[in-house]
Amino acid sequence: ENIQMKTPLRITETCQIIALMLSLFSNSAFADLATTGYKKADPSRLAYLVAVHADCTFTHEKIASMAETAITRRGITPLGRPAWITKPLFLQVNVNCIGLPTQANQIYTVESRMGDASGINIVFLTSAFFYGAGRQSDIFETVSEAIERQLDAYLKANVTLPID
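A few points on the structure. (Residues numbered from 1 in each chain as written. Predicted model: local features only at pLDDT ≥ 70, side-chain atom pairs only at ≥ 80, totals over all residues. Heavy atoms only, no water.)

1. Concerning the overall build of the protein
(1) Moving on: Counting its regular elements, the protein contains four helices and five strands.
(2) Moving on: What you see in the protein, going N to C, is helices and strands ordered as α-β-α-β-α-β-β-β-α.
(3) Moving on: Counting all 164 residues of the protein, 37% fall into the buried class.
(4) Moving on: Restricting the contact set of the protein to residue pairs at least 6 apart, pairs at least 24 apart contribute 67%. (Helix = DSSP H or I, 4+ residues; strand = E, 2+ residues; numbered from the N terminus. Buried < 20%, exposed > 50% of the residue type's maximum accessible area, 1.4 Å probe, protein only. Contact = heavy atoms within 4.5 Å.)

2. Comments concerning the side chain of Asn94
(1) Moving on: Along the chain, Asn94 falls in strand E3 (residues 89-99).
(2) Moving on: Those residues in contact with Asn94 that lie beyond four places of it in its chain are Ala51, Thr109, Val110, Glu111 and Arg113.

3. A few points about the pattern of salt bridges
(1) Moving on: This structure, assessed with the given rule, holds five salt bridges.
(2) Moving on: Two residues, Arg73 and Glu148, come together in a salt bridge whose shortest N-O distance is 2.7 Å. Taken as a pair, Arg73 in helix H2 (residues 60-73) and Glu148 in helix H4 (residues 136-157) lie far apart in primary sequence, 75 residues in all.
(3) Moving on: Among the salt bridges present, the one from Arg74 reaches Glu148, with a minimum N-O distance of 2.3 Å. One end of the pair, Arg74, is in the loop between H2 and strand E2 (77-79); the other, Glu148, is in helix H4, with 74 residues separating them in the sequence. For the residue pair Arg74 and Glu148, the accessibility class agrees, reading buried in each case. (Salt bridge = Lys/Arg side-chain N within 4 Å of Asp/Glu carboxyl O.)

4. Focus on the environment of Leu155
(1) Moving on: Its place among the elements puts Leu155 in helix H4.
(2) Moving on: With relative accessibility at 1%, the residue Leu155 sits in the buried group.
(3) Moving on: Separated by 80 residues in the primary sequence, Leu155 and Gly75 place their C-alpha atoms 10.0 Å from one another.

5. Some words on the state of the cysteines
(1) Moving on: Across all of its chains, the model carries one disulfide by this definition.
(2) Moving on: A sulfur-sulfur distance of 2.1 Å marks the disulfide that ties Cys56 to Cys97. The sign of the S-S torsion, about 90°, decides the handedness of the disulfide formed by Cys56 and Cys97: right-handed. Here Cys97 lies in strand E3 and Cys56 lies in the loop between strand E1 (45-52) and H2, a separation of 41 residues in the sequence.
(3) Moving on: Residue classification places Cys97 among the buried residues on the basis of a relative accessible area of 2%. (Disulfide = S-S within 2.5 Å.)

Spatial relationships are all this shows, so hold off on functional conclusions.
Below you can see the structure in the form of C-alpha cells.
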C-alpha cells in the first residue's frame, strides 16, 4: 500500500514543480518582450486575429468583439482581417471548447499571443495559455484576462500610448 501512495505523491510534486517553472518562465518572457519585441513605429494601431473552435457554444464574432473592445478601450485602433496579414505585430486569440454531455459547462482552452509577421514566416513572441471547465461567463472572463495580459505588455513597450 505504501508504494501505491508514493507514486501519486511524486506525480503531484512533479506537477507542482513544472507549474512553478512555467509561471517563472512566462513572467520573464513577458517582461523581456515588454521592453523589446512589442515596440512599434505606429503603436496606435494593432491588428488582431481570432479563432474559435466550432464546438464552442458562442460565436467567433463574440470573441472578436471582445478583442476589438479591449483594444479600443486602451486607446488603440483595432485592425481586423485582412489587415493583420500586412501589419508586422498582431494579437491572436484562440479559443477551443469541448462540451460536457448533460451539463452547461464546457472544458476550454484560451490562448492569447503576439505574432510578428514582418519576416517570411510568422513568429509568435509570447503566449498566455489558460484552461479550465466552466460556463460561458467563465470562458469570457478567461478570454478577457488573456487579452488584457497581451495588451498590458504592449502598452508597457509603447509608452507613448495612454495607459488606463
